[in-house]
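Tertiary structure, described
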Amino acid sequence: MKIAVFSTKSYDQEYFEKYNDTNNYNFSFFETALNKDTANLTIGFQVVCVFVNDNVDKDTIEILSKNGVELIALRCAGFNNIDIETAKAKNIKVVRVPAYSPEAVAEHALALILTLNRKTHKAYNRVREGNFSLKNLIGFNVHGKTVGVIGTGQIGETFCRIIKGFGCRIIAFDISKSQELIDLGVTYLTLDEVFQQSDILSLHCPLNKHTKHMVNERSIALMKKGIMIINTSRGALINTVDVIKGLSNKKIGYLGIDVYEQEENLFYEDLSERIIQDELILRLNGFPNVLITSHQAYFTKEAMEEITTTTLENIKAFENKLELENEVR
Ligand code: NAI
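As the structure is a prediction and not an experimental result, all values here were calculated from the model.

As for helix α12 (residues 301-319)
For the α-helix, the turn length of 3.6 residues means that residues three or four positions removed from each other point alike. Between the first and last C-alpha of α12 there are 27 Å, a value that for 19 residues agrees with the 27 Å anticipated at 1.5 Å per step. Among the residues of α12, Ala 303, Met 304, Ile 307, Thr 308, Thr 310, Thr 311, Leu 312, Asn 314, Ile 315, Ala 317 and Phe 318 are the ones counted as buried. Note on α12: the residue one or two positions beyond its end, Lys 321, has a positive phi of about 55°.

Below, the structure is given as structure tokens:
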């Protein structure tokens, strides 16, 4: 079986080669992202393997279909970048890795909270340069704060369990409630109540037409002054222009993001010698109370192992015409 892997970095290739020994699949690794301009690279491949910033829209899927592709294997959980309807219409199956390590993402959300709050990234640089001053490094106790969690699926639930250990009051909104979290002491409220009461707000719901730009001018107006907003889910949950306004007028006290709406043009690349044209990311980077990481929340050894082995199992099930446990329908 010939498999075209898009958006490949050295670590993806390393993991696929490590775990491919029993299957002997014929992988071709492309550094480029999959989109309508690169889709012709898939001639002769039955399977394409894609990641978060490949743009598998209607036009792309039509080319994949013409080229004989039968399976799109996502090596991630979110599938907002795939036109599922068109794939279905073209009889191309879509599989994903539904859960590879909720701990990896939840722990990164925590890393963003603690770094933004206690400014360890700034302290590190200061001390290395012989500056031992504490000026402007003051933080707050996370203990006792109200933490709002939007989306209490696998990652949101793991995050709740971690932040519970800090002695926080946890409030949440989800379209379906988890009894286990209620038993843990999490209080489900309406979405607006979560916006109103949170000192720290962490987003863990998928991106879809209901959640797109949920953090916007209206919801920011409801929030407490000085709120910390953390987004490790998908960039477009946040209206970046509105958040920049909220940061400028000091309504938002801190912003920690691992995802960004226009990230496909930036993330995972070394652009340090280029002139970055994205005005919004440049503006965000100019705030002292904003911390941006490049969609790395998933990036742990455990998660990479799970991603690779589950992707290979998904492809194997397809090859053997077995039921596709991880099919996106
Ligand atoms: P999940 O499917 O286990 O949980 C999602 C939760 O969101 C569910 O409980 C669902 O009921 C809830 N939800 C759905 N619509 C909602 C709405 N309108 N409002 C509030 N809640 C809603 O997914 P999981 O594994 O927890 O992942 C969550 C998201 O995290 C993924 O969709 C993905 O976008 C993101 N992610 C980010 C990664 C990173 O590296 N930064 C890595 C993996 C996932």
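Details of the site of the ligand
Close contacts around the ligand come from 22 residues, with Tyr 100, Gln 154, Ile 155, Asp 174 and Thr 232 the closest. At 2.9 Å from an oxygen atom of the ligand is found a main-chain nitrogen or oxygen belonging to Gln 154. Take Thr 232: an N or O atom from its main chain is 2.9 Å from a nitrogen atom of the ligand. When isolated, the ligand has an accessible area of 860 Å², and the protein chains bury 86% of it. Residue classes in the shell around the ligand are distributed as 9 nonpolar, 10 polar and 3 charged.

A word on the packing of aromatic side chains
A complete count under the given rule lists 13 aromatic pairs for this structure. Seen in terms of ring centroids, Tyr 15 and Tyr 19 are 6.4 Å apart; in terms of plane orientation they differ by 15°. Their pairing is stacked. With Tyr 15 and Tyr 19 both in helix α1 (residues 10-19) and 4 residues apart, the pair spans about one turn of that helix. In this structure Tyr 15 comes out as buried when scored by relative accessible area, which is 12%. On the basis of relative accessible area, Tyr 19 is assigned to the partly exposed category, the value being 21%. Between Phe 16 and Phe 27 the ring centres are 5.1 Å apart and the planes differ by 40°, which places this aromatic pair in the tilted class. Note that Phe 16 is positioned in helix α1 and Phe 27 in strand β2 (residues 26-29), a separation of 11 residues in sequence. Per residue, the accessibility class of Phe 16 equals that of Phe 27, and both read buried.

A short note on the side chain of His 204
Secondary-structure assignment places His 204 in the loop between β9 (200-203) and α9 (217-222). A polar atom in the side chain of His 204 sits 2.8 Å from the side chain of Ser 202.

Thoughts on the environment of Ala 99
Along the chain, Ala 99 turns up in the loop between β5 (93-95) and α4 (102-118). Overall, the relative accessible area of 30% leaves Ala 99 in the partly exposed class. Put simply, Ala 99 and Thr 32 are 67 residues apart on the chain and 25 Å apart in space, counted from C-alpha to C-alpha. Once residues lying within four places of it in the same chain are set aside, the contact partners of Ala 99 are Gln 154 and Glu 306.

Looking at the sheet that holds β5
An order of β2-β1-β3-β4-β5 is seen for the 5 strands of this open sheet, with the pairing classed as parallel. Looking at strand neighbours, the two that pair on one side only are β2 and β5, the edges of this open sheet. Across this sheet, the average inter-strand angle for adjacent strands is 20°, counted without regard to direction. Relative to β5, strand β4 (residues 71-74) is paired through 3 bridges, and the arrangement is parallel. Counterpart to Ile 72 in the pairing with β5 is Val 94. Along the sheet face, α12 touches β1 (2-5), β2, β3 (47-50), β4 and β5 and points at about 160° away from the line of β4.

The rules behind the values
- Residues numbered from 1 in each chain as written.
- Predicted model: local features only at pLDDT ≥ 70, side-chain atom pairs only at ≥ 80, totals over all residues.
- Heavy atoms only, no water.
- Helix = DSSP H or I, 4+ residues; strand = E, 2+ residues; numbered from the N terminus.
- Expected span 1.5 Å × (residues − 1).
- Buried < 20%, exposed > 50% of the residue type's maximum accessible area, 1.4 Å probe, protein only.
- Near = heavy atom within 4 Å.
- Polar contact = N/O pair within 3.5 Å; in protein donor to acceptor, adjacent residues only side chain to side chain.
- Areas by Shrake-Rupley, 256 points an atom, 1.4 Å probe, with all protein chains shown as cover.
- Nonpolar A, V, L, I, M, F, W, Y, C, P; charged D, E, K, R; others polar.
- Phe/Tyr/Trp six-rings, centres within 6.5 Å; stacked < 30°, edge-to-face > 60°.
- Contact = heavy atoms within 4.5 Å.
- Pairing = 2+ DSSP bridges.
- Axes fitted to C-alpha atoms, helices over the stretch in contact; angles between N-to-C directions.

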